[in-house]
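Each chain, letter by letter, is given below.
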Amino acid sequence: MRLSILDHGHRLRARLFFAATGRDAPDIVRTLLYRPDFFARPLLEITAPAMRGPSFWSAAEREYLAMTTARRYRCPFCIDSHTELVRIAGNGELDPAAVRPELVAVRAFLDGTHTGEAERPALPEHAVREALHVDLVWNVVNRLANAFGFTLRGDQLHRGTRALHRFGYRFPGFLLAGGDHTDQGDPVANLRHAVFEAPAVTPPSLRLAAGTGAAVPEPWRAYTTLVREASDRITGADIARLPGSEDEIFEVTVAAAVGAALAAFDTGLRVLHSGPAPSAGGGRMGA
């Protein structure tokens, strides 16, 4: 990856875990287990229920939303991973070319939260909220995968995706323990606090500016704009030009990715609450 700390800077418990598994951990796992209290723990608190908890959407449909999000960001790592997860979670029964109309409608709504053209779909409120949580997670991960240069090596496409599906996007608790545990009473609020308010290497003001694009000094401004708006264009040279330590680059990158993802999420909630609930049938589907 483009930051050496993501390959070699893990805590002892994470290194022991990697050694015990006896295999090269995928880049997404290495990123999540690097300083998990900074953002990974609250992100995973959203991810596991969003992707495998009870939902209006089947597990395969949620993987479909993740896959189409990856296509929007032109992220090869995420496209390949979630295409395979659609196949695994749906037992080959979900045809991406013939998804049900509800899924088409919520996909259009999610895309609209990024363009300012979102219209509330004729779906139950809980279904839209659940889709927003799925989209929030992968809006973050795709940007990080592009920025840090995630790649799939060896048999990771099949082995890693099967493991994610089998364990429901959950990690052993001891790997995520430690650091700030401030509970805001909501997992999304916990993510905001961890990334933008909790003590870290960089000051909260820089992280908040990276997340919103407000008053970011150069050369951070150009880089954080790419993270938020065109992460697929980031190169190793872009990161090499940045000042400070790799820890600072890590934090600012995460802040820019999370800030952009939360902006779309907040837009979706505003649209969802902007009018009366539409008339629509349908209940929850099994996970």
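Since the structure is predicted, the reported quantities are computational estimates derived from the model, not experimental observations. (Residues numbered from 1 in each chain as written. Predicted model: local features only at pLDDT ≥ 70, side-chain atom pairs only at ≥ 80, totals over all residues. Heavy atoms only, no water.)

## What to know about the overall build of the protein chain
Turning to step 1, where the next piece is worked out: The number of helices and strands found in the protein chain is 15 helices and zero strands.
Turning to step 2, where the next piece is worked out: For the protein chain, the spread of C-alpha atoms along the three principal axes comes to 55 × 45 × 35 Å.
Turning to step 3, where the next piece is worked out: The buried share of the protein chain, reckoned over its 287 residues, is 53%.
Turning to step 4, where the next piece is worked out: Put simply, the protein chain shows about 12300 Å² of open surface, and 55% of that area lies on carbon and sulfur atoms. (Helix = DSSP H or I, 4+ residues; strand = E, 2+ residues; numbered from the N terminus. Buried < 20%, exposed > 50% of the residue type's maximum accessible area, 1.4 Å probe, protein only. Areas by Shrake-Rupley, 256 points an atom, 1.4 Å probe, with all protein chains shown as cover.)

## Some points on the nonpolar core
Turning to step 1, where the next piece is worked out: Counting 91 residues, the largest nonpolar core has F39, Y223 and F250 as its most contacted members.
Turning to step 2, where the next piece is worked out: In contact with F250, other than residues within four places in its own chain, are L3, I5, L6, T31, Y34, R35, F38, F39 and F148. (Core = buried A, V, L, I, M, F, W, Y, C linked by side-chain atoms within 4.5 Å. Contact = heavy atoms within 4.5 Å.)

## Regarding helix α8 (residues 125-148)
Each α-helix winds once per 3.6 residues, and so residues spaced three or four apart point in a common direction.
Turning to step 1, where the next piece is worked out: Look at α8: 35 Å from first C-alpha to last across 24 residues, which is about the 34 Å you get at 1.5 Å a residue.
Turning to step 2, where the next piece is worked out: Of all 24 residues in α8, 20 are buried, a share of seventy percent or more.
Turning to step 3, where the next piece is worked out: G149 sits one or two residues past α8 and shows a positive phi near 80 degrees. (Expected span 1.5 Å × (residues − 1).)

## Quick notes on the layout of surface pockets
Turning to step 1, where the next piece is worked out: If you add up the space inside the largest pocket, you get close to 790 Å³.
Turning to step 2, where the next piece is worked out: Lining the largest pocket we find 34 residues, and of these P26, V29, G160, A163 and L164 sit closest to its centre.
Turning to step 3, where the next piece is worked out: Where the lining of the largest pocket is concerned, the elements lending two or more residues are α2 (12-21), α3 (27-32), α4 (40-52), α6 (76-89), α8 and α9 (156-167).
Turning to step 4, where the next piece is worked out: A total of nine residues in the lining of the largest pocket trace back to one element, the largest contributor, which is α9. (1 Å grid on protein atoms, 1.4 Å probe; cavity = no way out; pocket = protein on both sides within 12 Å on 5 of 7 lines; lining within 4 Å. Points joined across faces, edges and corners; volume = space filled by probe spheres on them.)

## A few points about the side chain of S55
Turning to step 1, where the next piece is worked out: Here S55 lies in the loop between α4 and α5 (59-73).
Turning to step 2, where the next piece is worked out: On the accessibility criterion, S55 (2% relative accessible area) is buried.

## A word on α6
Turning to step 1, where the next piece is worked out: The terminal C-alpha atoms of α6 lie 20 Å apart, and with 14 residues this matches the ideal 20 Å at 1.5 Å per residue to within 8%.
Turning to step 2, where the next piece is worked out: Among all positions of α6, only F77, C78, S81, H82, E84, L85, V86, I88 and A89 are buried.

## Concerning the state of the cysteines
Turning to step 1, where the next piece is worked out: Applying the stated criterion across every chain yields a total of zero disulfides.
Turning to step 2, where the next piece is worked out: Residue C75 stays outside any disulfide, its sulfur separated by 3.2 Å from that of C78, the closest cysteine.
Turning to step 3, where the next piece is worked out: For C75, a relative accessible area of 1% corresponds to the buried category.
Turning to step 4, where the next piece is worked out: Note on C78: relative accessible area 1%, which makes it buried. (Disulfide = S-S within 2.5 Å.)

## Description of the packing of α5 against α8
The relative placement of two packed helices comes down to the angle between their axes together with the axis-to-axis distance.
Turning to step 1, where the next piece is worked out: Running from N to C, α5 and α8 point in directions that differ by 40 degrees, and their axes come no closer than 9 Å. Between α5 and α8, the interaxial angle falls into the category oblique. Of the two possible hands of crossing, α5 and α8 adopt the one that is right-handed. Facing α5, whose interface residues are R62, L65, A66, T69, A70, R72 and Y73, α8 presents A131, V134, D135, W138, N139, N142, R143 and N146.
Turning to step 2, where the next piece is worked out: For the contact of α5 with α8, a count of residues per class yields seven nonpolar, four polar and four charged. (Axes fitted to C-alpha atoms, helices over the stretch in contact; angles between N-to-C directions. Parallel < 35°, antiparallel > 145°, perpendicular 65-115°, else oblique. Left-handed = near helix turned anticlockwise from the far one by under 90°. Nonpolar A, V, L, I, M, F, W, Y, C, P; charged D, E, K, R; others polar.)

## A word on the side chain of T31
Turning to step 1, where the next piece is worked out: Its place among the elements puts T31 in helix α3.
Turning to step 2, where the next piece is worked out: On the basis of relative accessibility, which here comes to 1%, the residue T31 falls in the buried class.
Turning to step 3, where the next piece is worked out: Within polar-contact distance, the side chain of T31 engages the backbone oxygen of D27 at 2.9 Å.
Turning to step 4, where the next piece is worked out: Sequence-distant contacts of T31, defined by excluding residues within four places in its chain, comprise M1, L6, F39, F148, F150 and F250. (Polar contact = N/O pair within 3.5 Å; in protein donor to acceptor, adjacent residues only side chain to side chain.)

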